Number of protein chains: 2
Amino acid sequence: MLINSHFGDIKETYLFSEIAKRVNDYKAANPTADIIRLGIGDVTQPLPPVAIQALHETVDEMARAETFRGYGPEQGYDFLREAIAVHDFKARGCDIEPDEIFVSDGAKSDTANFTDLFGDGNIIGISNPVYPVYLDSNVLAGHAGSPAGDGYQNIRYLDCLEENGFKPQIPDGRLDIVYLCSPNNPSGVALTRDDLKKWVDYALANKTLILYDAAYESFIREDGIPHSIYEIPEARKVAVEFRSFSKTAGFTGLRCAYTVVPKTLEVTMSDSSKPLKLHAMWLRRQTTKFNGVPYIVQRAAAALYTPEGREQIRKTIDLYLENAKTIRSVFEEKGFKVWGGINSPYVWLKVPEGMTSWQFFDELLHRYHIVGTPGSGFGTRGEGYFRLTGFGSPEKTREAAERLRRI
Amino acid sequence: MLINSHFGDIKETYLFSEIAKRVNDYKAANPTADIIRLGIGDVTQPLPPVAIQALHETVDEMARAETFRGYGPEQGYDFLREAIAVHDFKARGCDIEPDEIFVSDGAKSDTANFTDLFGDGNIIGISNPVYPVYLDSNVLAGHAGSPAGDGYQNIRYLDCLEENGFKPQIPDGRLDIVYLCSPNNPSGVALTRDDLKKWVDYALANKTLILYDAAYESFIREDGIPHSIYEIPEARKVAVEFRSFSKTAGFTGLRCAYTVVPKTLEVTMSDSSKPLKLHAMWLRRQTTKFNGVPYIVQRAAAALYTPEGREQIRKTIDLYLENAKTIRSVFEEKGFKVWGGINSPYVWLKVPEGMTSWQFFDELLHRYHIVGTPGSGFGTRGEGYFRLTGFGSPEKTREAAERLRRI
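Cut-offs and rules
Residues numbered from 1 in each chain as written. Chains lettered and ligands numbered in written order. Predicted model: local features only at pLDDT ≥ 70, side-chain atom pairs only at ≥ 80, totals over all residues. Heavy atoms only, no water. Helix = DSSP H or I, 4+ residues; strand = E, 2+ residues; numbered from the N terminus. Rg over C-alpha atoms; globule rule 2.2 N^0.38 Å. Buried < 20%, exposed > 50% of the residue type's maximum accessible area, 1.4 Å probe, protein only. Contact = heavy atoms within 4.5 Å. Polar contact = N/O pair within 3.5 Å; in protein donor to acceptor, adjacent residues only side chain to side chain. Core = buried A, V, L, I, M, F, W, Y, C linked by side-chain atoms within 4.5 Å. Buried area = accessible area lost by both parts, 1.4 Å probe. Salt bridge = Lys/Arg side-chain N within 4 Å of Asp/Glu carboxyl O. Pairing = 2+ DSSP bridges. Axes fitted to C-alpha atoms, helices over the stretch in contact; angles between N-to-C directions. Phe/Tyr/Trp six-rings, centres within 6.5 Å; stacked < 30°, edge-to-face > 60°. Least-squares fit on C-alpha atoms with pLDDT ≥ 70 in both.

Student: Any chance you could explain the overall build of chain A here in plain terms?
Tutor: On a plain count of helices and strands, chain A comes out with twelve helices and 15 strands. In terms of overall dimensions, chain A is globule-like: its C-alpha atoms have a radius of gyration of 21 Å, near the 22 Å expected for 407 residues. Counting only C-alpha atoms, chain A reaches 60 × 55 × 50 Å along its principal axes. Burial statistics for chain A: of 407 residues in total, 63% are counted as buried.

Student: Even after reading the chapter, I still don't get the environment of Asn206 of chain A, so can you show me in this structure?
Tutor: Residues and elements named next belong to chain A. Mapped onto the fold, Asn206 is located in helix α6 (residues 193–206). In this structure Asn206 touches Arg174 and Leu175, once residues within four positions along its chain are discounted. In terms of polar contacts, Asn206 uses its side chain to reach the backbone carbonyl oxygen of Tyr202, at 2.8 Å.

Student: What should I look at first to understand the nonpolar core in this one?
Tutor: Ile210 and Phe251 of chain A together with Ile210 and Phe251 of chain B are the most contacted members of the largest nonpolar core, which has 134 residues in total. Contacts of Phe251 of chain B, omitting those with residues within four sequence positions, involve Leu47, Ala51, Phe245, Ser246, Cys256, Val297, Ala300, Ala301 and Leu304 of chain B.

Student: In this structure, what is going on with the interface of chain A and chain B? I would like to understand it.
Tutor: For interface size, the figure often reported is the accessible area lost on association. If you look at the interface, chain A gives 82 residues, while chain B gives 82 residues. Interface area, chain A with chain B, both sides summed: about 6,700 Å², of which 60% is carbon and sulfur. Sorting the residues of chain A by area buried against chain B places Met1, Leu2 and Ile3 of chain A first, and these three jointly supply 13% of that buried surface. Summed over the shared surface of chain A and chain B, the number is four salt bridges. The residue Lys108 of chain B makes a salt bridge to Glu74 of chain A at a minimum N-O spacing of 3.1 Å.

Student: Can you walk me through the sheet that holds strand β12 (residues 346–350) of chain B in this structure?
Tutor: Backbone hydrogen bonds are what pair the strands of a sheet, in a parallel or an antiparallel way. Residue and element names in this part refer to chain B. Strand order in the open sheet formed by four strands is β11-β12-β15-β14, with antiparallel pairing between adjacent strands. With one partner strand each, in any of the chains shown, β11 (338–340) and β14 (373–374) form the two edges of the open sheet. As paired strands, β12 and strand β15 (residues 385–389) are joined by five bridges and run antiparallel to one another. Residue Leu349 lies in a different strand from β15, and its bridge partner there is Phe386. Packed onto the sheet, helix α10 (residues 307–333) meets β11, β12 and β15 and runs at close to 160 degrees relative to β11. Where helix α11 (residues 357–368) meets the sheet, it contacts β12, β14 and β15, and its direction lies at approximately 45 degrees from that of β15.

Student: Please explain the sheet that holds strand β9 (residues 239–244) of chain A as it appears in this structure.
Tutor: Residues and elements named next belong to chain A. The strand order across the open sheet formed by seven strands is β2-β10-β9-β8-β7-β3-β6, and the pairing between neighbours is mixed. The strands lining the two open edges of the sheet, one partner per strand, are β2 (101–104) and β6 (155–159). Each strand of the sheet is rotated relative to its neighbour by a mean of 20 degrees, with strand direction disregarded. In this fold helix α3 (residues 78–89) packs onto β2, β9 and β10 (257–260), with an angle of close to 115 degrees to the strand it touches most, β2. Along the sheet face, helix α8 (residues 278–289) touches β2, β8 (209–213), β9 and β10 and points at about 25 degrees away from the line of β2.

Student: I'm lost on the pairing of strand β10 (residues 257–260) of chain B in this one. Help?
Tutor: Across a regular strand the side chains alternate sides, sitting on one face of the sheet and then on the other. Residues and elements named next belong to chain B. Of the two faces of β10, the one holding Ala257 and Thr259 and the one holding Tyr258 and Val260 are both buried throughout. Of the strand pairs in this sheet, strand β2 (residues 101–104) and β10 are connected by four bridges, and their pairing is antiparallel. Bridge pairing in β10 places Phe102 opposite Thr259. Bridging between strand β9 (residues 239–244) and β10 involves four bridges; their strand directions are antiparallel. Its bridge partner lying in β10, Glu241 is registered against Val260.

Student: Would you mind showing me how to read unusual backbone geometry here?
Tutor: The phi angle of most residues is negative, glycine excepted, and most peptide bonds adopt the trans form. With omega at 5 degrees, the peptide bond leading from Asn128 of chain A into Pro129 of chain A counts as cis. The topology assignment puts Pro129 of chain A in the loop between β3 (124–128) and α5 (133–140). In this chain, Asn185 of chain A is followed by Pro186 of chain A through a cis amide linkage whose omega measures 20 degrees. Note on placement: Pro186 of chain A falls in the loop between β7 (177–181) and α6. Of note, Lys207 of chain B is a non-glycine position whose phi angle comes to about 50 degrees, a positive value. On the basis of relative accessibility, which here comes to 53%, the residue Lys207 of chain B falls in the exposed class.

Student: Sorry if this is basic, but what is going on with the packing of aromatic side chains here?
Tutor: Centre distance and the angle of the planes are the two values used to describe a pair of aromatic rings. Residues and elements named next belong to chain A. Throughout the structure, instances matching the rule amount to 54 aromatic pairs over all chains. For the ring pair Tyr77 and Phe79, a centre distance of 5.3 Å and an interplane angle of 15 degrees mean the geometry is stacked. Residue class for Tyr77 comes out buried when judged on its relative accessible area of 10%. Where Phe89 meets Tyr258, the ring centres are 6.1 Å apart and the plane angle is 80 degrees; that geometry is what we call edge-to-face. In this pair, Phe89 sits in helix α3 while Tyr258 sits in strand β10, placing the two residues 169 residues apart along the sequence. What makes Phe89 buried here is its relative accessible area of 0%.

Student: It is not clear to me how the pairing of β7 of chain A should be interpreted in this structure. Could you clarify?
Tutor: All names here are of chain A. Among the five residues in β7, five count as buried, and that is most of the element. Covered by surrounding structure in β7 are Ile177, Tyr179 and Cys181 together with Val178 and Leu180, the residues of both alternating faces. Here β3 runs beside β7; their pairing, made up of two bridges, is parallel. Note on β7: the bridge partner recorded for Gly125 is Val178. With five bridges joining them, β7 and β8 adopt parallel strand pairing.

Student: I would appreciate a short explanation of the relation of the copies chain A and chain B in the present structure.
Tutor: The transformation that overlays chain A on chain B combines an axial shift of 0.0 Å with a rotation of 180 degrees, and the residual RMSD is 0.0 Å. Taken together, the rotation and translation relating the two chain copies correspond to the operation of a two-fold axis. Proximity to the rotation axis, assessed at the C-alpha, singles out His56 of chain A in chain A; its C-alpha lies 3.1 Å from the axis. Of the interface residues in chain A, 100% have counterparts in chain B that sit at the interface too, so the contact is made through matching surfaces.

Right under this line is the structure:
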């Protein structure tokens, strides 16, 4: 058998395995150290009570033949798609219909699986630093092209730097596809309405497809920061949006997300005479290769849109944002340059002059017993920066802040 | 953006939508008709009590911060992988280790996603008729090649005919990849040890990768029918096996399955100098593009391996097999040629001389108010045959048999 040789093109970063190794080595040598983990992007608060209740109720439905549910629609049940359309879009003036919403098991799967729709030879814009799955999934699919220098033939890195506020800038040349992640992972920076409008205008002018990852949308608290790209006029013609219940409602271990593919998304097809719309393609992809999200999980997700559910979610997000603020404040006090932590659970900071991201990682671990994530793990332009998260418990986060005051 | 033009190559069969249309049209014209559905492959019995109990218990774990679980391992939790290795493999003398088992959300996803590992230009063997996802996923990925005649350039159809007992035969030429489905969907025919040994020998001699879909394994009751391809010596060198809890334990709406990728599976890489094993490639694919199965669902799956769980599953499968026997018997009485229904929930029958599959569909619907599936929906060689399933309720199935006695 001939295998997909692009698997050999991927650059292994071993970011989280290297972190685990260094932490384990340190613990082995210092077994009494009380290590606080503010590294990974996983949540710590339990599921909201409305989700727990919906799960129990629907598990009981699955126990009786009269109410048992087998295969559901691959795109998700209407009860969930309708709740999403009403609350996440129409309530914000976005013209998104339930049948443009595809429920899935994760934004990671969706962003990665969306590469199934791409042909070869597209020029793809990806922020640097950013969540690694955009790049990795394109490399595996062969869409990134051959490795070239630090990058790949078909990838244009959008450098997110201190001088541009860690925001991807409109490039000089044309992109076929661009990934935008806001609020951003890892920098915590959120794009404003003006920022997004520039990208939508660029996409309209250049027939660029925007893949908009809004997995951290629920952390947005400031005015002027769109919650959806569809708040920008005409975005329906150029953008797909990825959302997730993982960080919104602690579903990282329960698995539910969704992707919006507007029916108005027209695809320029220079390599085929057959007209296919992205919506039809994604529907085809999902019905052929996916079997939908568990019924009980979709009911738990739908329960989040009740008034009680929304209140419960808000409280948990407030708690994480308070954690992020605590972390941000202590680094600000100490004179660090800091971004994020306001509309985002992520705090992004510049490590002290002359240190690398990994050196700062070791210093935090060895001197303060705190685990963070080196910025260089998210791309070459992340070197010299560091990510901490508000996803810890409030107690541990306050304890971490106390320790950091001694920096 | 350039799209994947292979989406234009797929041949739409609209099998289940056409069935739905004809049933709805008939119901509209005959509103009092009591229609019995023995068409789709979905289960009707509720989840086993052990699964219900495990779900309730773990939902409660998710309600408390101390026991809450966030992201799990993409490959599945060890507790489930170990239970699978012990009960499904080691108990049958198959040398499969827990870390060769990848837990997933469905055998459909896994068989389709496995095409991510293929390079271009492989010659792929696919039974005709068979479950349509093997072909469709390869067409979408471009691995099937251009449409050519009734088929595609790189696809070799293995005709499953009355004269070969609906079993795929070893071809004259070489295949790079072959899909085998046993017990088969749609024919219900299961491959014997001898049948499978011939395929393993062929694969060893030809360096062919066998993708073995054993989603209906739990329906096997006869001796001499392997439950796993790894019961055949040296199959570890040539075969990947797909399994599912969907039909085993009624998980079609809960979503859990697994794929076995032995570490001994060496890949012939004629297009690259980098050695990559299939196990490492699948691990890379899953960690990059998948986030694992819900913790609560994995606990429900693990509960199936307890003595009570195994007993509960067995009872349900017995019920479906009894249904299949009821259907099979009535057609045998009436002089039809019938296959399957013994180690399988599917009964496959030859329609009366001179009728097409769809004509027989209409006759069953209009005269007996019974819905089945036309064999032609599973491939050109399915024309003239028809699939019925044992997944109905016992009452409805017996009622259907009474009606069919009037044929």
